[in-house]
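Observations on the three-dimensional arrangement
Here is how the chains run, residue by residue.
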Amino acid sequence: VDLLTLLSPMSALLVAVGVLIGIVFGAIPGMTATMAVAVCLPLTYALDLSQGLALLLGLYVGGISGGLVPAILLNIPGTPSSIATTFDGHPMTLKGEGEKALKVGIVSSLFGGLFSVAILAFFAPLLADFAIKFSYIEKFLIILLAMTVIASLSKNLLIGIFSGTLGIWLSLIGTYDISVGGNGKTRLMFDFMVPYLENGFSLLPVLIGLFGLVMILEEAEKGYREQTLGADVNLSARARFSLGIFKGQIVNLFRSASIGTFVGMLPGIGGSAASVLSYTQAKNFSREPARMGTGVAEGVIASEASNNGLTGGALIPLLSLGIPGDSTTAVLIGAFTLQGIQVGPLFIGEHLPVWHQIVAALLAANLIMFVVMFFAIKHVAKVITVPKYILYPIIIMMCVVGGYAINYGVMFDVWTLLLFGVFGWGAQKVGIEIVPLIIGFILGKSAEVYFVKSLESFGTLTIFFTKSPIAVFLWVLIFLSLGFSVYTTIKDSRQNKRSGKDA
Amino acid sequence: MLKAFSSLFRVSVDFSRSHLLFPKIVTVVLLLLLLAIFLVYGIPYLRDVRRGKRTLSVSGRRFDRLRFFGTIVLTIVYFLSMDYVGNFFPNMGFGFLFMSMPFIFLLSLLCVHGLDRRKFLALSLNALIAPTVAWFVLARLFNISLP
């Protein structure tokens, strides 16, 4: 509670604004927390780092939480991370327990959020302290590990790795930057591209294009159908909400929040995995597993506690290692670079006040989210009805602002938006996965510096194995994650074959 | 023996060419992966195509050509015109302001289903108000550069 006093009134206000906008974004199906953060980034250009982060963290928490509203009322997850909320939330609405379900979801979200803030506050400095001793070699291996984990957890190992590598490749276009010890020469391009791509593609237009425009294009392809809001959505409370629902669910709360936080820490897997995973775990441990899916509070608790647990978890690798834990934190990296701050093991130590502000803002965001949603849920539920034909043009407009302003007015950045918007749309059609690609794009340049500099100073490839016990340990982890994924792939394909024979 | 083994891994990096080392590795890996993907998924897929089990075209599902390509064309025209108009009024953000209005208006018209007078009024007002608010808040209050 002391922490909250660290927040200046201005930051507190920004958190509140962020939470509100975030909830709206989250509540509108198809618009995600990542988009909310990406679209609102330009607003932070005029703010300093801690204020900007206050706004963005508010958006993050609000965006993840808002997703439960349409999930429960319409059976459409407002964000991917509330997918498992629909399993039990919507049946509850059909039983006339809509308001109860919403409030159960909100309380669980609050718990998950607070839990993950606590873990973040405790764990990130520890990990950072440990990582400070890393040399370029360990840092390179950490990135390699992050990439293999992402790939092995994506839908398809081979394509996951391909997507990540493609991201790295895209990040290398441009100059080998002198400021990090490169020789300032350009590569991977033709001469005519040099004036535009001398510094490569800027991170933010790429992100905004991939997360903002892609979604609009996908909607356009489907013809901008409006979600039909059933007239049967009534919030009249037949079943009253009381904290008594949570009796006997404490274990469920803790388990789900932990799963969420842990999944958040792994790079590249988002909230949907966290939500589904903790839902299945809740089912496994449930006393009455058969009732799950028919509209019991247990399922809503599991899903919502875990997806808000994700928020703090995803920030851990970001703030201690500089590796984003999910797509939203990937966009957050943009906010840091915008302010000229490198996130990595040194961040917490060098920017202690900012670190405290981050924790405070995250804490405040969860509390504000709770207050707003718990007491104004009926009004929040109405935003689902904002028509798309009003919303989408505005989103494109905001994307333009974000792209243009990032480098103080470079028109090429706006074209980058469109380029990556169309690219991302096509990429998803052929199965390339966006999240590994983004993380590869973010980490690619650092990976190059660590790799090349290590070779320059040691002159042998074996150094990557022999430098330190940590290096060996990281290799073990890399092979474990690869092995795990190969194992599951083989198991799945065998199962498929068997079920194919049965059929 | 051990010495020969370690020399196998010996690499010396020439600084003036060091900008090419990592991109080259990544490109090679990328191509190898592409080849692997083609072998694992592409060949069975093509075989199915030849047997007539599947078709190469991705269409067939519901694909709203008018709205999809309309959105892309509108966006391109929007970007071009914004840059063009903006050059007449440097650093004012007018290109953004004046071009966003017709863009939002047209894109709304493209999106909307079952247009009636109420919807038309709403989207027209939105096209006027939204860019003005965005322009005022960002360009005037926050001094963010706009085209």
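Up top is the structure these notes are about.
Read on for a plain summary of the structure. Not measured: the values here are computed from a predicted model. (Residues numbered from 1 in each chain as written. Chains lettered and ligands numbered in written order. Predicted model: local features only at pLDDT ≥ 70, side-chain atom pairs only at ≥ 80, totals over all residues. Heavy atoms only, no water.)

If you tally the helices and strands in chain B, you get five helices and zero strands. The secondary structure elements of chain B, listed N-terminal to C-terminal, are α-α-α-α-α. Put simply, chain B has 147 residues, and 34% of those count as buried. (Helix = DSSP H or I, 4+ residues; strand = E, 2+ residues; numbered from the N terminus. Buried < 20%, exposed > 50% of the residue type's maximum accessible area, 1.4 Å probe, protein only.)

On to the nonpolar core. All names here are of chain A. Within the largest apolar cluster, 192 residues are counted, with the highest numbers of intra-cluster contacts made by V69 and F336. Among the elements that take part in this core, helix α16 (residues 352-382) stands out by supplying 18 residues, more than any other. Leaving out residues up to four positions away in the same chain, F336 has contacts with L49, L53, L318, L319, I341, V343, F347 and I358. Judged by nonpolar contacts, the second largest core, of nine residues, contains Y60, I64, A274 and A314. (Core = buried A, V, L, I, M, F, W, Y, C linked by side-chain atoms within 4.5 Å. Contact = heavy atoms within 4.5 Å.)

Residue and element names in this part refer to chain A. In contact at an axis separation of 12 Å, helix α13 (residues 297-321) and α16 are set at 170° when each is read in the N-to-C sense. When the interaxial angle is binned, α13 and α16 end up roughly antiparallel. Note on element contacts: α16 touches α13 through W355, I358, L362, N366 and M369, opposite N308, G312, L315 and L319. Partitioned by chemical class, the residues of the contact of α13 with α16 number six nonpolar, three polar and no charged. (Axes fitted to C-alpha atoms, helices over the stretch in contact; angles between N-to-C directions. Parallel < 35°, antiparallel > 145°, perpendicular 65-115°, else oblique. Nonpolar A, V, L, I, M, F, W, Y, C, P; charged D, E, K, R; others polar.)

On the side of chain B, 61 residues touch chain A, which itself brings 64 residues to the contact. The junction of chain A with chain B conceals about 5,500 Å² of combined surface from both sides, 78% of it contributed by carbon and sulfur atoms. On the chain A side of the contact with chain B, Y224, Y389 and M397 of chain A bury the most area, a combined 13% of that side's loss. Across the contact surface, chain A and chain B share zero salt bridges. (Buried area = accessible area lost by both parts, 1.4 Å probe. Salt bridge = Lys/Arg side-chain N within 4 Å of Asp/Glu carboxyl O.)

With that settled, consider the packing of aromatic side chains. Evaluation of the coordinates by the stated rule reveals 27 aromatic pairs over all chains. Ring geometry for Y84 of chain B and F88 of chain B: centres 5.4 Å apart, planes at 90°, overall edge-to-face. The structure contains a cluster of three or more aromatic residues connected by ring pairs, namely F140, F451 and F464 of chain A together with F22 of chain B. For K103 of chain A, the ring lying beneath its charged end belongs to F374 of chain A, and the centroid distance is 4.7 Å. (Phe/Tyr/Trp six-rings, centres within 6.5 Å; stacked < 30°, edge-to-face > 60°. Lys NZ or Arg CZ within 6 Å of the ring centre and 35° of its normal.)

Here we take up the packing of helix α2 (residues 33-40) of chain A against helix α14 (residues 327-338) of chain A. Pairs of packed helices are described in terms of their axes, by the angle between the two and the distance that separates them. All names here are of chain A. α14 packs onto α2 with a crossing angle of 15° between their chain directions and a minimal axis gap of 8 Å. Of the possible angle classes, the one that applies to α2 and α14 is roughly parallel. At the point where α2 passes α14, the crossing takes the left-handed sense. Seen from α2, the contacting residues are A33, T34, V37 and A38; seen from α14, they are S327, T328, V331 and L332. The residue inventory of the contact of α2 with α14, partitioned by class, reads five nonpolar, three polar and no charged. (Left-handed = near helix turned anticlockwise from the far one by under 90°.)

If you trace the backbone, P345 of chain A turns up in the loop between α14 and α15 (347-350). Look past the residues within four positions of P345 of chain A in its chain and what remains in contact with it is A128, A131, I132, S320 and L321 of chain A.

Once that is clear, we can look at the pattern of salt bridges. All names here are of chain A. Taken as a whole and assessed by the stated rule, the structure comprises seven salt bridges over all chains. Taking the shortest distance from any N to any O, the salt bridge between E221 and K429 comes out at 3.2 Å. Separated by 208 residues along the polypeptide, E221 in helix α10 (residues 203-221) and K429 in helix α18 (residues 411-429) bring together distant segments of the chain. Residue class for E221 comes out buried when judged on its relative accessible area of 5%. Look at K429 and you get partly exposed, because its relative accessible area is 33%. Salt-bridge contacts for R291 lead to E288; the nearest nitrogen and oxygen are separated by 3.6 Å. You can call E288 partly exposed: its relative accessible area is 45%.

Residues and elements named next belong to chain A. Looking at the element boundaries, L437 is found in helix α19 (residues 434-458). Note on L437: relative accessible area 1%, which makes it buried. When the C-alpha positions of L437 and I395 are compared, they lie 23 Å apart, and in sequence the two are 42 residues distant. Once residues lying within four places of it in the same chain are set aside, the contact partners of L437 are S163, G164, L166, G167, L210, F423 and I432.

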